[in-house]
Amino acid sequence: MVRKKLIAGNWKMNCLSAEGMALAKDVAGAVKGSKFDCDFLICPPFTLLAMIKKCLRGSKIALGAQDVHFAEKGAHTGDISPLMLKDLGCGYTIIGHSERRVDHFEKDELINKKAVAAHNAGLNTVICIGETGEQRDAGKTIKVCESQIKGSVPDDATAKNTVIAYEPIWAIGTGKTPTAADVEEVHAAIRKTLVKKLGKATANKMRILYGGSVKPNNAKELLSLPDVDGALIGGASLKAEDFINIAKNACK
Ligand code: PEP
């Protein structure tokens, strides 16, 4: 099964306007002048979405948010609805990033609800899962991922509207990564769980990204694994050169 790779950048809570625009323009310029056989997505903070949309005009890079509320509108101070993201020109939203799960106590049930709302608004979702260092040391990685997939991926998920991102929490921003064999084992187990949940046809087409300290120098090894269909990149997405070099090293 050939799945086109997705190279996704999660800028997190970084960049003011000038910096964000320069970064987006640099990335868009590099993508425009090349023939990468992959899809691109960048997810700036909410404050920059409208501005970055303009910088990406005419580019094949999709725009995404980093989170979304499940309600269409109403009394939810400080939140952003799926329709608002769609209205801004977003094609995607990340949901259930471990930093949301930890900082905002988000659980699978809420993530599932957000995903359904995002899909209903016509947004694609990148649903994040992954184990803590303690869970890994206790040999629970696959169990944790299975349970997160079962709980947070909605029944309406399709290969078109949903991307899974496996992000071991202990690898995020630490410079540590699992071995290639470990990554492939977990991704294969995730796909097996998706087969049980969504059926073979959907699961085999669904992209499963790896995230956690992906850099230009490890991208080739990690992204050439059979069940790794791209990367969700934090730190290295803040440098246009690194982000593009990851694509260069991982996509033909
Ligand atoms: C992330 O937060 O999604 C991430 C993978 O971060 P980093 O690449 O910096 O580890």
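About the thresholds
- Residues numbered from 1 in each chain as written.
- Predicted model: local features only at pLDDT ≥ 70, side-chain atom pairs only at ≥ 80, totals over all residues.
- Heavy atoms only, no water.
- 1 Å grid on protein atoms, 1.4 Å probe; cavity = no way out; pocket = protein on both sides within 12 Å on 5 of 7 lines; lining within 4 Å.
- Points joined across faces, edges and corners; volume = space filled by probe spheres on them.
- Helix = DSSP H or I, 4+ residues; strand = E, 2+ residues; numbered from the N terminus.
- Nonpolar A, V, L, I, M, F, W, Y, C, P; charged D, E, K, R; others polar.
- Near = heavy atom within 4 Å.
- Polar contact = N/O pair within 3.5 Å; in protein donor to acceptor, adjacent residues only side chain to side chain.
- Areas by Shrake-Rupley, 256 points an atom, 1.4 Å probe, with all protein chains shown as cover.
- Core = buried A, V, L, I, M, F, W, Y, C linked by side-chain atoms within 4.5 Å.
- Buried < 20%, exposed > 50% of the residue type's maximum accessible area, 1.4 Å probe, protein only.
- Phe/Tyr/Trp six-rings, centres within 6.5 Å; stacked < 30°, edge-to-face > 60°.
- Salt bridge = Lys/Arg side-chain N within 4 Å of Asp/Glu carboxyl O.
- Pairing = 2+ DSSP bridges.
- Axes fitted to C-alpha atoms, helices over the stretch in contact; angles between N-to-C directions.

Colleague: Is there a simple way to think about the layout of surface pockets in this case?
Modeller: By rolling a water-sized probe across the atoms, one finds the places where empty space is left. Within this model, the largest pocket holds a volume of roughly 490 Å³. Around the largest pocket sit 18 residues that line it, and F46, Q66, D67, R100 and H104 are the ones nearest its centre. Considering every element that reaches the lining of the largest pocket, the biggest residue donor is helix α4 (residues 98–103), with three residues. Broken down by class, the residue content of the lining of the largest pocket amounts to six nonpolar, six polar and six charged.

Colleague: Looking at this structure, how should I read the site of the ligand?
Modeller: Every one of the 14 residues lining the ligand counts as a neighbour, but K12, E167, G173, S213 and G235 are closest to it. The contact in question runs from an oxygen atom of the ligand to an N or O atom on the side chain of H97, over 2.8 Å. The separation between an oxygen atom of the ligand and a polar side-chain atom of E167 is 2.7 Å. Coverage of the ligand by the protein amounts to 97% of the 290 Å² it exposes when considered alone.

Colleague: Could you clarify how one ought to interpret the nonpolar core in this entry?
Modeller: Among soluble globular proteins, nonpolar side chains are generally buried collectively. Judged by nonpolar contacts, the single largest core of 64 residues is most densely connected at I7, F40, I164, I190 and L194. Counting 12 residues, the second largest nonpolar core, distinct from the first, contains A8, C43, A165 and L209.

Colleague: Is there a simple way to think about the packing of aromatic side chains in this case?
Modeller: Two measures describe an aromatic ring pair: the distance that separates the ring centres and the angle between the ring planes. Across all of its chains, the model carries three aromatic pairs by this definition. Centre to centre, the rings of F36 and F40 are 5.6 Å apart; their planes meet at 70°, and the pair counts as edge-to-face. Of the residues examined, F40 reaches a relative accessible area of 2% and is grouped as buried. Through pairs of rings, three or more aromatic residues link up here, namely F36, F40 and F243.

Colleague: What should I look at first to understand the pattern of salt bridges in this one?
Modeller: Opposite charge on two side chains permits them to pair, given that their charged atoms come into close proximity. The full count for this structure, using the stated rule, is 13 salt bridges. K114 is the salt-bridge partner of D67, the closest N and O atoms lying 2.8 Å from each other. Here D67 is found in the loop between β3 (61–65) and α3 (82–88), whereas its partner K114 is found in helix α5 (residues 108–120), with 47 residues between them in sequence. Per residue, the accessibility class of D67 equals that of K114, and both read buried. The residue D227 makes a salt bridge to R191 at a minimum N-O spacing of 2.5 Å. Separated by 36 residues along the polypeptide, D227 in the loop between α10 (216–223) and β8 (230–233) and R191 in helix α8 (residues 180–198) bring together distant segments of the chain.

Colleague: Whenever I open this one, the pairing of strand β5 (residues 124–129) confuses me. Can you help?
Modeller: The side chains of a regular strand alternate, residue by residue, between the two faces of the sheet. The buried fraction of β5 amounts to six of the six residues, a majority that puts the element mostly inside the structure. Here β5 runs beside strand β6 (residues 162–166); their pairing, made up of five bridges, is parallel. Looking across to β6, one finds that T125 is bridged to T162.

Colleague: Would you take a moment to explain the sheet that holds strand β1 (residues 5–10) for this structure?
Modeller: Within a sheet, adjacent strands bond to each other through the backbone by hydrogen bonds, running parallel or antiparallel. Strand order in the closed barrel formed by eight strands is β1-β2-β3-β4-β5-β6-β7-β8, with parallel pairing between adjacent strands. Going across the sheet, the axis of each strand differs from the next one's by a mean of 25°, ignoring polarity.

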